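One-letter residues, chain by chain:
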Amino acid sequence: MINKFSKRIILAPNFLKFIFLIKYLVLLFFISTATFLIIPKFFDYKKDLIFINNQLINLYSIDIKKNHDVLYKVFPTPRLIIKNKLLIIGDNSEISHGNIILNLRLKDIYQIKNFKIDKVVIIKSNLTLSLNDYKNLLRIINSLEKKLIFKNLKLLINDKQNKLITIDNFNLLNEDVKKINFSGIYLGNKFSGKYLKKLDKNLLNFKINDLGISSKIIFTKKSNLETTEGKIKIK
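Presented here is a report on the structure given in the accompanying data block. (Residues numbered from 1 in each chain as written. Predicted model: local features only at pLDDT ≥ 70, side-chain atom pairs only at ≥ 80, totals over all residues. Heavy atoms only, no water.)

Remarks on helix 2 (residues 49-60)
Spanning 12 residues, helix 2 covers 15 Å between terminal C-alpha atoms, matching the ideal 16 Å at 1.5 Å per step. Three or more residues of helix 2 are buried, namely Leu49, Ile52, Asn53, Gln55, Leu56 and Tyr60. Buried positions in helix 2, seen along its axis, are confined to an arc of 160 degrees and lie on one side of it. Within helix 2, the exposed residues directed more than 90 degrees away from the buried face are Ile50 and Asn58. Immediately downstream of helix 2, the backbone of Ser61 shows phi near 55 degrees, a positive value. (Helix = DSSP H or I, 4+ residues; strand = E, 2+ residues; numbered from the N terminus. Expected span 1.5 Å × (residues − 1). Buried < 20%, exposed > 50% of the residue type's maximum accessible area, 1.4 Å probe, protein only. Arc of directions from axis to C-beta.)

In structure tokens, the structure reads:
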């Protein structure tokens, strides 16, 4: 009995040392990770804007036209936020104000020259295009191989100086090259839709939620969002 009791007394300090070591390692890991993520807040990412803009042009046909502030944010994930003043999509589609968000992988934080853009998020901006330019914008979105997300945009379609259509809270997400989701509010009515690209045909499902109206457009093989030709079903 005495031997068993003495063994327990000897093991207790070793166990406490082990617990202390684990706490120390966890604390060291937390401090190291926090330092790694926070230090880039003091970097000047604005000097890398030309490099970033070249990627946006090549991958998304998005061209930053005016000087912008570039901020680094840690939460919820490491990212760059470009304060947008004016950028052009395609030839003449203008996006003003709001923010552009680019997510960073951990390895890109300190080596921005190795940064490869695979998703662009544009939020709380004004998207203005003419009646003649909307097909060009559709062509760009339809051909994207990378993710593009619009969140809470105001979409303005003009004919010269006259406003024809204003869509509030416009959202768009191309989940992959075969699916595009969109939604918004037009004349106080919420609508949503989904464009699906398949091997034999393309489909467009469209709903005006507040009015209970839904439709499905089945495009022919040679038709798409730019050149509409096919069948439509309305419920």
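Comments concerning the pattern of salt bridges
Going through the model one piece at a time under the given rule, you end up with six salt bridges. Among the ionic pairs, Asp69 bridges to Lys46, the shortest N-O distance being 4.0 Å. Of the two residues, Asp69 is situated in the loop between strand 1 (62-64) and strand 2 (70-73) and Lys46 in the loop between helix 1 (2-38) and helix 2; the sequence distance between them amounts to 23 residues. For Asp69, a relative accessible area of 44% corresponds to the partly exposed category. The partner of Asp48 in a salt bridge is Lys113, and the shortest N-O contact between them spans 3.8 Å. A residue pair is termed long-range when its members are at least 10 positions apart, and Asp48 in the loop between helix 1 and helix 2 and Lys113 in the loop between strand 6 (99-103) and strand 7 (119-123) qualify at 65 residues. Residues joined in a network through salt bridges with shared partners are Lys47, Asp48 and Lys113. (Salt bridge = Lys/Arg side-chain N within 4 Å of Asp/Glu carboxyl O.)

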